[in-house]
Amino acid sequence: MTAPVRTVLADVARAGPFFSVATDPAESADPTWRPLRELVTQPDALGQRIAHVRRVLSEQAGRTVEERVAASIALQGLAARLVSAPLAAVTLHGVLPDLGRDALHWRVSRTGPWPLWTDADRPALDPGELPALVAEEIAGPLVGAVRALVPVSPRVLWGNVASSVAGAKRVLGTERPESAIRAAELAAAVLDHPLLAGTGERRPPGPPDRGWTFRRRSCCLYYRLPGGGTCGDCVLSRSA
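A few points on the structure. (Residues numbered from 1 in each chain as written. Predicted model: local features only at pLDDT ≥ 70, side-chain atom pairs only at ≥ 80, totals over all residues. Heavy atoms only, no water.)

**Considering the environment of Arg37**
With respect to the element layout, Arg37 can be found in the loop between strand 1 (34–35) and helix 2 (38–41). Expressed as a C-alpha distance, the spacing of Arg37 and Leu142, which sit 105 residues apart in the sequence, is 9.1 Å. Discounting chain neighbours no more than four positions away, the residues touching Arg37 are Arg101 and Asp102. A distance of 3.2 Å separates polar atoms of two side chains, one belonging to Arg37 and the other to Asp102. (Helix = DSSP H or I, 4+ residues; strand = E, 2+ residues; numbered from the N terminus. Contact = heavy atoms within 4.5 Å. Polar contact = N/O pair within 3.5 Å; in protein donor to acceptor, adjacent residues only side chain to side chain.)

As structure tokens, this is what we get:
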């Protein structure tokens, strides 16, 4: 018997903070929750998030950080929050909650990733729709919205999304080792979606990865921060 969406998301949240989506029905009356679609239809919210990330990074760096760097890192943070729960739900339970633009809600946080909430009474989607949900419903509109505000290469932004998918797969493999291979299979299906195909390559796995290790064909621009360096899957990284 398939577990209810609320039960699925409660279990998924145990994998880590980036997998957490609140489902408390009482939250529906809280006006501070805003539909995910507003990040696309009302660019002020996304612009404010990019500006916030830029301020924080500039304070840490001791100088003004390029806007495109802040936009890239802001998008990567959002992508990590948005793709992790759907991937984990299908991996662990074979259930795909409706976490699209009309169902998922976010709330502003100045101290970390934005909290997410959804109405768990909405019908679940066909698990086979996971790649389309991630690439078309979630990532595609956000990539377009960021580029409408800041001139960042789409190659960089789609690489950030792909890196977030691979990162969620890695965390699942670590936190739920019995599901590592299934997570790798599903993440590979997402990365094979036409919008994400070509963003990187899957290589023989190295610890802690199972199934495969991802190397992207772009850079999130983090290296442009003082002392930033490169991420493990970066095209510029010698270890990648």
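Let's pick the thread back up.
**Points about the packing of aromatic side chains**
Across all of its chains, the model carries two aromatic pairs by this definition. Between Trp33 and Trp117, the ring centres sit 6.4 Å apart and the planes meet at 35°, which makes this aromatic pair tilted. In this pair, Trp33 sits in the loop between helix 1 (5–12) and strand 1 while Trp117 sits in strand 3 (residues 116–118), placing the two residues 84 residues apart along the sequence. Across the pair, Trp117 and Trp33 agree in class, each one buried. Their ring planes at 15° and their centres at 4.4 Å tell us that Trp106 and Trp114 sit as a pair that is stacked. (Phe/Tyr/Trp six-rings, centres within 6.5 Å; stacked < 30°, edge-to-face > 60°. Buried < 20%, exposed > 50% of the residue type's maximum accessible area, 1.4 Å probe, protein only.)

**Concerning a nonpolar patch on the surface**
A cluster of nonpolar side chains, Tyr223, Val235 and Leu236, forms an exposed patch at the surface whose accessible area comes to about 250 Å². Relative to the elements of secondary structure, Val235 occurs in the segment after strand 5 (213–216). Residue Val235 is classed as partly exposed on the basis of its relative accessible area of 32%. (Patch = residues over 30% accessible without salt bridge, like charges linked within 9 Å, V, L, I, M, F, W, Y side chains within 5 Å. Areas by Shrake-Rupley, 256 points an atom, 1.4 Å probe, with all protein chains shown as cover. Salt bridge = Lys/Arg side-chain N within 4 Å of Asp/Glu carboxyl O.)

**Considerations on the packing of helix 4 (residues 67–93) against helix 6 (residues 154–175)**
Look at helix 4 against helix 6: their axes get within 8 Å of each other, and the N-to-C directions meet at 40°. Relative to helix 6, helix 4 is oriented oblique. The way helix 4 lies across helix 6 gives a crossing that is right-handed. Residue-level contacts link Ser72, Leu75, Gln76, Ala79, Ala80, Val83, Ser84, Leu87, Ala88, Thr91 and Leu92 of helix 4 to Val156, Leu157, Asn160, Val161, Ser163, Ser164, Val165, Ala168, Lys169 and Leu172 of helix 6. Within the contact of helix 4 with helix 6, the residues separate by chemical class into 13 nonpolar, seven polar and one charged. (Axes fitted to C-alpha atoms, helices over the stretch in contact; angles between N-to-C directions. Parallel < 35°, antiparallel > 145°, perpendicular 65-115°, else oblique. Left-handed = near helix turned anticlockwise from the far one by under 90°. Nonpolar A, V, L, I, M, F, W, Y, C, P; charged D, E, K, R; others polar.)

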